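# Per-entry structural report
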Amino acid sequence: MQYPLLDWIRDSWAGEFVRGVFWMSPLLEGLHFVGMALLAGGVCIVDLSVLGVVRDMPVKRLGGFLPWSLAGFGINLLTGLLLFAAAPAAFAFNRAFQFKMLCILLAGANALWFLIDTKRAKLTSALSLVFWLIVIVCARLIPFVPND
Amino acid sequence: MSEFLNSLAASPIGVWVGESSGYPLLLVLHSIGLALLVGMLVVIDLCVLGLGAPAMPPGALRNIMRISWSGLLLAVLSGSLLFVVDGNKYYYSFTFRLKLTCIVLGAWLAIALSRHLRQSPVRSAGAAVRIAAAASLLCWLGAIMAGRLMAYVN
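Residues numbered from 1 in each chain as written. Chains lettered and ligands numbered in written order. Predicted model: local features only at pLDDT ≥ 70, side-chain atom pairs only at ≥ 80, totals over all residues. Heavy atoms only, no water.

## Observations concerning the environment of isoleucine 111 of chain B
Residue and element names in this part refer to chain B. You can see isoleucine 111 is positioned in helix α6 (residues 94-119). Given a relative accessible area of 36%, isoleucine 111 falls into the partly exposed group. When the C-alpha positions of isoleucine 111 and methionine 65 are compared, they lie 9.0 Å apart, and in sequence the two are 46 residues distant. (Helix = DSSP H or I, 4+ residues; strand = E, 2+ residues; numbered from the N terminus. Buried < 20%, exposed > 50% of the residue type's maximum accessible area, 1.4 Å probe, protein only.)

Structure representation (structure tokens):
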């Protein structure tokens, strides 16, 4: 089945750019992992501190780690969009990729929920860890899951 | 060495990892391990460089290092099994050797840094400590990029 939007993305300057330079995809993937490490580090420190696994971390300091999580997320959003543009159909029809995107949305919604209602901090922290863990698992499985 | 690595690949473990769902499972565990290992150490490095939270209490540092080392353990165990599948290719691979060098250097710097931070607060980190933290970041960046590159070049 043809999806004009995916074709448009594939034929965009971004798609052409990434496909055009043979080392661009490996570089973008490497940076995608770097972003993941930044995001994972920040998220883990905050969530594990709230859950008491990391002890003695003053709660008011936790905000200092968030900018790095956001930076990691930003790097991954940018590299992810470029990687997607290079081969949209390969990702869009992949179940693992679809589930990964869903869990990212859930993680984001969970974070928003925490900003609005800080009462159930331990629950949102635990959920955050679960969602991001699933994101990592799904991402790793993308090459192994057959496309629809 | 070549023959030994070939026999490893042909062993029951090598075959199981290479031909079953063991391989993606190990890759998943390897990714989780590296996320914990590098994620925690990067946070500490950024704190030392004055770019993160201004304080790293010793109790918190201890827990964070413990999490980081369990990440390393997970990555090494899963990595060893992944290695077995095609030992000959990996052993002689430049990118693989580069990756391991970066990891060893990074781990050594992490031990030195955590030892220092147990005695002195993050805020008072001198030039040498900051250089070590910056070098540590470069090592982990190198390890990650070399790791990714392994899928493309030898």
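Moving on from the model shown.
## Some words on the interface of chain B and chain A
Listed by partner, the interface residues are 34 residues for chain B and 32 residues for chain A. Buried area between chain B and chain A, both sides added, is near 2800 Å², and the carbon and sulfur share of it is 80%. Between chain B and chain A we count one salt bridge in total. Salt-bridge contacts for glutamate 29 of chain A lead to arginine 148 of chain B; the nearest nitrogen and oxygen are separated by 2.5 Å. The tally of links from chain B across to chain A stands at six residue pairs in polar contact (both at pLDDT 80 or more). Looking at the side of chain B that touches chain A, the elements that each hand over two or more residues are α3 (22-48), α4 (58-85) and α7 (127-149) of chain B. With 16 residues, the single largest contributor to the side of chain B that touches chain A is α3 of chain B. In the side of chain B that touches chain A, the residues fall into 28 nonpolar, five polar and one charged. (Contact = heavy atoms within 4.5 Å. Buried area = accessible area lost by both parts, 1.4 Å probe. Salt bridge = Lys/Arg side-chain N within 4 Å of Asp/Glu carboxyl O. Polar contact = N/O pair within 3.5 Å; in protein donor to acceptor, adjacent residues only side chain to side chain. Nonpolar A, V, L, I, M, F, W, Y, C, P; charged D, E, K, R; others polar.)

## Focus: α7 of chain B
Between the first and last C-alpha of α7 of chain B there are 33 Å, a value that for 23 residues agrees with the 33 Å anticipated at 1.5 Å per step. Taken together, the buried positions of α7 of chain B are occupied by Val129, Ala132, Ala133, Ser136, Cys139, Trp140, Ala143, Ile144, Ala146 and Arg148 of chain B. Close packing links the buried residues of α7 of chain B with α3 (24-50) and α7 (121-141) of chain A together with α3 and α6 of chain B. (Expected span 1.5 Å × (residues − 1).)

## Remarks on the confidence of the model for chain B
Counting all residues, the mean pLDDT for chain B is 90, and 99% of those residues have values of 70 or more. Two summary scores accompany this predicted model of the complex, namely pTM at 0.92 and ipTM at 0.91. (pLDDT = per-residue confidence, 0-100.)

## Notes on the packing of α4 of chain B against α6 of chain B
Residues and elements named next belong to chain B. Where α4 meets α6, the axes come as close as 12 Å, and the angle between the chain directions of the two elements is 160 degrees. In this view, α4 runs roughly antiparallel relative to α6, as classed from their interaxial angle. Of the two elements, α4 crosses α6, and the hand of that crossing is left-handed. Residue-level inspection shows Leu61, Met65, Trp69, Leu72 and Phe83 of α4 in contact with α6, the latter providing Phe96, Ile103, Ala107, Ala110, Ile111, Ser114, Leu117 and Arg118. Grouping the amino acids of the contact of α4 with α6 by side-chain chemistry returns 11 nonpolar, one polar and one charged. (Axes fitted to C-alpha atoms, helices over the stretch in contact; angles between N-to-C directions. Parallel < 35°, antiparallel > 145°, perpendicular 65-115°, else oblique. Left-handed = near helix turned anticlockwise from the far one by under 90°.)

## Some thoughts on unusual backbone geometry
Residue and element names in this part refer to chain A. At aspartate 56, a residue that is not glycine, the phi angle is positive and equals roughly 70 degrees. Counting through the fold element by element, aspartate 56 comes out in the loop between α3 and α4 (66-86). For aspartate 56, a relative accessible area of 52% corresponds to the exposed category.

## Considerations on the pattern of salt bridges
All names here are of chain A. Going through the model one piece at a time under the given rule, you end up with six salt bridges over all chains. As a salt-bridge pair, arginine 10 and aspartate 7 come within 3.3 Å of each other at their nearest N and O atoms. Separated by three residues within a single helix, arginine 10 and aspartate 7 lie in helix α1 (residues 4-10), roughly one turn from each other. By relative accessible area, aspartate 7 is classed as partly exposed at 22%. Salt bridges linked by common partners bring Asp7, Arg10 and Asp11 together as one network.

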